[in-house]
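Residues per chain, in single letters:
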Amino acid sequence: MSESTIRPSTRENVIQVAENGTPLDEYLYVDAIRKNRVFIFYWYNITEENRYNEMTDTTTLFYVYGEITKFIDMPDTYTVNDETITINKKSRDSIRAWMYTCIPEIVEILKNSGNYA
């Protein structure tokens, strides 16, 4: 499990995972692009935890979550409504557009990577 004082969903340009049109509290993030591969963060099972610090007499909200990171191969093109779209592999927006079309497949790859708990 990972933890942070920043909720993963508040990061800029995250993709929210949905199942049958219902948004889930799970998120994908494009971190790095290397040749035909994209390094993705996947955050899931996000919970809040208040932690009290006796020395400073303060309480801090932490977000605790599962995290999987993995390089995934990207195709050169993908098809939407019979239109073939070429991925600009230097553009995060182009890569995110492709990811939106195959979120379930990407999540399945990440879950099957052996790091999903």
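Not measured: the values here are computed from a predicted model.

Novice: Looking at this structure, how should I read the sheet that holds strand β1 (residues 2-4)?
Specialist: Hydrogen bonds between backbone groups are what pair the strands of a sheet, and the pairing can be parallel or antiparallel. Within the open sheet, the five strands sit side by side as β1-β5-β4-β3-β2. Their pairing is antiparallel. Edge positions in the sheet fall to β1 and β2 (15-19), since each of these pairs with one other strand and no more. Direction aside, the axes of adjacent strands within the sheet are offset by 40° on average. In terms of strand pairing, β1 meets strand β5 (residues 58-73) through three bridges, oriented antiparallel. Looking at β5, one finds that E3 is bridged to V64. Each of β2, β3 (22-34), β4 (37-53) and β5 touches helix α1 (residues 92-101); the most contacted strand, β3, lies at about 140° to it. Together, β2, β3, β4 and β5 form the strand contacts of helix α2 (residues 103-115), whose direction differs from that of β5 by roughly 100°.

Novice: Help me understand the environment of W98, please; the structure alone is not making it clear to me.
Specialist: Within the fold, W98 resides in helix α1. W98 gets classed as buried once you look at its relative accessible area, which sits at 7%. Along the sequence, W98 and I87 sit 11 residues apart, while their C-alpha atoms lie 7.2 Å from each other. Sequence-distant contacts of W98, that is, excluding residues within four places in its chain, are made with V38, D73, M74, P75, Y78, I87 and I106.

Novice: What is the right way to read unusual backbone geometry from this model?
Specialist: Notably, D57 is not glycine yet its phi reads approximately 55°, a positive angle. As for its position among the elements, D57 is in the loop between β4 and β5. Positive phi is not limited to glycine here, since N81 has a value of about 50°. As for its position among the elements, N81 is in the loop between β6 (77-80) and β7 (83-86). Of the residues examined, N81 reaches a relative accessible area of 73% and is grouped as exposed.

Novice: Honestly, the pairing of β6 in this entry has me stumped. Any pointers?
Specialist: On any regular strand, side chains alternate: one points to one face of the sheet, the next to the other face. The pairing of β6 with β7 spans four bridges and is classified as antiparallel. Its bridge partner being in β7, T77 is matched across the sheet by T86. Linking two consecutive strands that pair antiparallel, namely β6 and β7, is a turn of two residues; a positive phi of about 50° is found at N81 within it.

Novice: What is the right way to look at the packing of α1 against α2 in this model?
Specialist: Any two packed helices are characterised by how steeply their axes cross, that is the angle between the axes, and by the distance between the axes. Packing of α1 against α2 leaves a shortest axis separation of 5 Å and a crossing angle of 90°. Judged by the inter-axis angle, α1 sits roughly perpendicular to α2. Here α1 contributes W98, M99, Y100 and T101 to the contact with α2, which in turn contributes I103, E105 and I106. Grouping the constituent residues of the contact of α1 with α2 by class yields five nonpolar, one polar and one charged.

Conventions we followed
- Residues numbered from 1 in each chain as written.
- Predicted model: local features only at pLDDT ≥ 70, side-chain atom pairs only at ≥ 80, totals over all residues.
- Heavy atoms only, no water.
- Pairing = 2+ DSSP bridges.
- Helix = DSSP H or I, 4+ residues; strand = E, 2+ residues; numbered from the N terminus.
- Axes fitted to C-alpha atoms, helices over the stretch in contact; angles between N-to-C directions.
- Contact = heavy atoms within 4.5 Å.
- Buried < 20%, exposed > 50% of the residue type's maximum accessible area, 1.4 Å probe, protein only.
- Parallel < 35°, antiparallel > 145°, perpendicular 65-115°, else oblique.
- Nonpolar A, V, L, I, M, F, W, Y, C, P; charged D, E, K, R; others polar.

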